[in-house]
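A look at the structure
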Amino acid sequence: MSRTSPPLEPSWKEMMEKTRSIYFYNLHPIFKVDILGTVVYKRERDDFFCYGVDDGTGVINCLCWKNDLLKQHGKPSGWGKHSDDAEGDFNVAAELEKLQQFQYSQCHLDIGELLRVRGPVKTSRQQREIMASTYYKVNDPMMAVQIEWMMEVPELYRQCYDKPFKLHPDASGEPAMSTLSKATNIIRDFLKQKSVVRFRPYDVLDLLHPLVPEQPRTDSAGEPVAGPSACQQARQLLKEALQILQDEGIVYRKLKSQDEVYQVTIHDKDLLIAIKDIIREDCRREKYAEKGCHLLHILSAVRQRYSLNVSKAALELVLKSLECNSDIVSTSDNYYTMF
């Protein structure tokens, strides 16, 4: 079980550099994590240790870089031996050897030992891994540390990460929300509550009228100013909100035509059946039998066989829904096969 590190406030330049390594949990941006788990496999190179750590929710690679002392000297020459120096004597070389032995013991773990790792999450070869900024072995013979961890992490999620992410709270304590955000949420909630399968823009236009002021627009002197009518403003607001929902994959248009019909992605049974059929058929082929079909392969097949307008975001929503219903299973990051 993992927990996230306290939020930082990097500069915009740093944020742009790190964008590809930022993940989201309930809209909370996650860059660094802090995990405690059991080493289930390991390998060592000249510059780093690579540990597979099982924290109870899965196994993740942890890339743990060696410091200069370990890279220069490697395993201490007196590793596993005890000094026989007489009491009261102080030998600089022996004390340095002891220090090196202790440092090696904290960094070099065997399978079954407990490891604490902190650092940013990266994606390498379509696999997530932790680039450890801090790591060390945890001696926990009575499992006191693990029990404390298992009690602390769920509470942290309840108090912080399972709650909606709030940004720029106003004076009332509520998050500041633009008119467009309100419109998008209204349509999203309507589609969810009513289990809408498909709709046209005019079906949801009336929902947005309360967000558009009926009063005429005026300048600083109180004089009327020419501008779009309330109905025109509502239509423009609806257009922008629908574009956001399309970008998120919540809705899509199966056919691009003058008759604007939007499909609600997770309620489109034909799309779900088409995706399942593609995964089932292609996983019978030798090329995909072992690992399954990659998300981009499924996306290409869906666009060829069902609709050119299915977005990657829409496909990801459907795959997540199918996996939650145990219709399919992910064999690794972005690879899927039949359950």
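Residues numbered from 1 in each chain as written. Predicted model: local features only at pLDDT ≥ 70, side-chain atom pairs only at ≥ 80, totals over all residues. Heavy atoms only, no water.

Named according to an unreviewed UniProt entry, the protein is CST complex subunit STN1 originating from Takifugu rubripes.

**Remarks on the pairing of strand E15 (residues 335–338)**
Inspection of the sheet shows strand E13 (residues 293–294) paired to E15 by two bridges, in the antiparallel sense. Paired with His294 across the two strands is Tyr335, which belongs to E15. Inspection of the sheet shows strand E14 (residues 328–332) paired to E15 by four bridges, in the antiparallel sense. Bridge pairing links Ile328 to Met338 in E15. In sequence, E14 turns back onto E15 through a hairpin of two residues, with Asn334 there showing a positive phi of about 75°. (Pairing = 2+ DSSP bridges. Helix = DSSP H or I, 4+ residues; strand = E, 2+ residues; numbered from the N terminus.)

**Here's the deal with the sheet that holds E13**
Strand pairing in a sheet takes place through backbone hydrogen bonds and is either antiparallel or parallel in direction. Reading across the sheet, the three strands line up as E13-E15-E14 and stay open at both edges, with antiparallel pairing between neighbours. Only two strands of the sheet have a single neighbouring strand rather than two, namely E13 and E14. The strands touched by helix H11 (residues 312–324) are E14 and E15; relative to E14, the strand with the most contacts, the crossing angle is about 105°. (Contact = heavy atoms within 4.5 Å. Axes fitted to C-alpha atoms, helices over the stretch in contact; angles between N-to-C directions.)

**Notes on the packing of aromatic side chains**
Summed over the entire model, instances satisfying the criterion amount to five aromatic pairs. On the numbers, 5.4 Å between centres and 70° between planes, the contact of Phe48 with Trp65 is edge-to-face. Placement of the pair is Phe48 in strand E5 (residues 48–54) and Trp65 in strand E6 (residues 59–65), with a sequence separation of 17 residues. On the basis of relative accessible area, Phe48 is assigned to the buried category, the value being 16%. Between Phe49 and Tyr51, the ring centres sit 5.8 Å apart and the planes meet at 15°, which makes this aromatic pair stacked. (Phe/Tyr/Trp six-rings, centres within 6.5 Å; stacked < 30°, edge-to-face > 60°. Buried < 20%, exposed > 50% of the residue type's maximum accessible area, 1.4 Å probe, protein only.)

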